[in-house]
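One-letter residues, chain by chain:
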Amino acid sequence: MQKIKKVLIVGTGIGGGTLACALADRGIEVHAIDNKPSISAAGTGICLLGNTLRALDSIGLKNDCLERGAPFQMFREFDATGTLIMASPIGDNCGIKRPELSNILESHASRRGAILSKSISVESVIDKGKVVLVSFTDGTETEYDLVVAADGAFSRLRDRFFGEEHRPKFAKQSVWRFNARRPSSLDGFHIFRAADGTAVGVLPTSAENCYLFHMENSQEHLRYPDENLDSLLIERLRSYEAPLIREALEQITSPADVLFRPFDVTLVPVPWNRNRVVLLGDAAHAPTPQLTSGGGMAVEDAVVLAQVLGEYSADEALKMYSQRRFDRVKRIFDASYQLSVYEQNPLANRDKSAQLLMDSYRFIAQPC
Ligand SMILES: Cc1cc2nc3c(=O)[nH]c(=O)nc-3n(C[C@H](O)[C@H](O)[C@H](O)COP(=O)(O)OP(=O)(O)OC[C@H]3O[C@@H](n4cnc5c(N)ncnc54)[C@H](O)[C@@H]3O)c2cc1C
C-alpha cells in the first residue's frame, strides 16, 4: 500500500495552516507556502463554533485559541436602540482575531516540523500520476506525493486542475466590518436588529477587543472608493442608537479601519482531487458567512484529510476524504446560501430564517 509521505500545501490560511499542523503530527513531511509576505492574515475576527473547537482540540490547538481569543456561550438579540429582545445560551464558542489564529497555526506547524515559506507561489504544477512536480516562483523545483490547494475561494490551482467553471459567483450580499474596544457589556455574540430588517452583529475577539459587521444587499457586485469607506459605513448605521454601536463607530478614525467585501460563493462537486492534487477549504467550498462556518469547514477538512492520509493508501484516502466531507459541507453551504437569500427580504422571512438557523446549528454541532 502506497501512503503519502511528502506534501506541499499551497496557502497557509485557516485550512492550510491547520493541515500543516495535523500532517506534521502524523510524521508526514510538510512544506506549506503562501504568496503573501506574512502568513498572519489581516482583517477582523472569526467565530470558532463548537464543532470547530472540537476539531482543533483533536490536534492540540484548542487551548491556545481559547487562551488568546474570547470564549463565550451567550447569544443576545437587541433592537436598534439597544433594548434586549432575547437571550439564549449557545454552547461553547470562541471569537478570535484572524491574525492571532494565524499565529497559533503557524507556530504549532513550525514546532511540529512543517517547513513554512512566505512570499512564494507555484509557477507550474505537473501531474505525473503518482507524484507531482512543482516549480516555484523562486526558481526551485521539487517532487511531492500530494499537492493540497488550500489557496482560497479564488484558487488558481482549482482553475488549472478543475476548470474555471468553479470560480465564485456573487451572492448579492456584501459585508462591512471594523474592530473596536470590547465593552464590558459584551458577553457573547450580540445582534442589533433595526425596524427596516437590517442588522449589526458584534463578536468579542479577545478580552479587550471585538468586531462589528453589517450586511448590505445589492444586485450588482459592489465596489466603493477606499477613501470613503468610513463615511459610507457611518452613514449606513446612523439609525442605530444602541450605545455599543455609537461608541464603536466613534473609534473609526480613518477609511483604512473599515473593510468592505462582497460575498462570492462556490461549491465544487466531488471528487475533490485530480490524481495527486486535492482541494481543501474555500478552494473546494466557499459559503456565505451566515452560519460562521467556512473556516470551521476548512478546519474539519484538514483534520479529516490528515487522518485518512495517515491511515490509508493514497488512492483510498483521497476517495474517503471527498466522501466523508461532501454531504456535510453541502448542507451547510446550502443553508448558508438560503439564509443569505432570506436576508434579502428580511421582514418577510424572519420566522423561516430563525428556524433554519436553529436547525443548521443543531446539524453543525454533530460530529464530522
Ligand atoms: C465576512 C466573513 C466572515 C466570516 N466569518 C467566519 C466565521 O465567523 N467563522 C468561520 O468559520 N468562517 C468564517 N468565514 C469564512 C472563512 O473566512 C473562510 O471560510 C476561511 O478563511 C477559509 O480558509 P482557507 O484556508 O480555505 O482560505 P483562506 O483563508 O482564503 O486562505 C487562503 C490562503 O492562500 C494564499 N494563497 C492564495 N493564492 C495563493 C497562491 N497562488 N500561492 C500561494 N498562496 C496563495 C492566501 O494568501 C491565503 O493565505 C467568514 C468569511 C467572510 C467573508
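As shown above, the structure is provided for reference.
The following paragraphs examine the structure supplied in this document. The model shown is predicted, which means the values in this text are computed figures rather than measured ones.

1. Points about the side chain of Thr266
Consideration 1: By secondary structure assignment, the location of Thr266 is in strand 15 (residues 258-267).
Consideration 2: For Thr266, the side chain forms a polar contact with the main-chain oxygen of His166, separated by 2.6 Å.
Consideration 3: Those residues within four positions of Thr266 in sequence are excluded, and the remaining contacts are Ala153, Arg158, His166, Arg167, Pro168, Asp282, Ala284, His285, Ala286 and Phe333.

2. Thoughts on the site of the ligand
Consideration 1: Near the ligand you find 28 residues, and of these Gly15, Asp34, Cys47, Ser121 and Asp282 are the closest.
Consideration 2: In this structure, Lys36 approaches the ligand through a side-chain N or O atom, which is 3.4 Å from an oxygen atom.
Consideration 3: Interatomic distance of 2.8 Å between a side-chain N/O atom of Ser121 and a nitrogen atom of the ligand.
Consideration 4: For the shell around the ligand, the elements supplying multiple residues, two or more each, are helix 1 (14-25), strand 3 (45-48), strand 11 (169-181), strand 15 and helix 8 (294-311).
Consideration 5: Broken down by element, the residue count for the shell around the ligand peaks at 3 residues, all from helix 8.
Consideration 6: Taken together, the residues of the shell around the ligand sort by class into 9 nonpolar, 12 polar and 7 charged.

3. Regarding the sheet that holds strand 7 (residues 122-127)
Consideration 1: Judged by pairing direction, the sheet is antiparallel, and its 3 strands sit side by side in the order 7-8-9 without closing on themselves. Each edge of the open sheet is held by one strand with a lone partner, namely strand 7 and strand 9 (141-144). Averaged over all pairs of adjacent strands, the angle between strand axes in this sheet comes to 20°, irrespective of strand direction.
Consideration 2: With 4 bridges connecting them, strand 8 (residues 132-136) and strand 9 associate as antiparallel partners. Across the sheet, residue Val132 finds its bridge partner in strand 9, namely Tyr144.

4. Digging into the pattern of salt bridges
Consideration 1: Applying the stated criterion to the full structure yields 17 salt bridges.
Consideration 2: In this structure, Asp159 engages Arg167 in a salt bridge whose closest nitrogen and oxygen atoms are separated by 2.7 Å.
Consideration 3: The exposure class of Asp159 is buried, given its relative accessible area of 15%.
Consideration 4: Given the relative accessible area of 40%, Arg167 is considered partly exposed.
Consideration 5: A salt bridge links Lys330 to Asp334; its shortest N-O distance comes to 2.6 Å.

Cut-offs and rules
- Residues numbered from 1 in each chain as written.
- Predicted model: local features only at pLDDT ≥ 70, side-chain atom pairs only at ≥ 80, totals over all residues.
- Heavy atoms only, no water.
- Helix = DSSP H or I, 4+ residues; strand = E, 2+ residues; numbered from the N terminus.
- Polar contact = N/O pair within 3.5 Å; in protein donor to acceptor, adjacent residues only side chain to side chain.
- Contact = heavy atoms within 4.5 Å.
- Near = heavy atom within 4 Å.
- Nonpolar A, V, L, I, M, F, W, Y, C, P; charged D, E, K, R; others polar.
- Pairing = 2+ DSSP bridges.
- Axes fitted to C-alpha atoms, helices over the stretch in contact; angles between N-to-C directions.
- Salt bridge = Lys/Arg side-chain N within 4 Å of Asp/Glu carboxyl O.
- Buried < 20%, exposed > 50% of the residue type's maximum accessible area, 1.4 Å probe, protein only.

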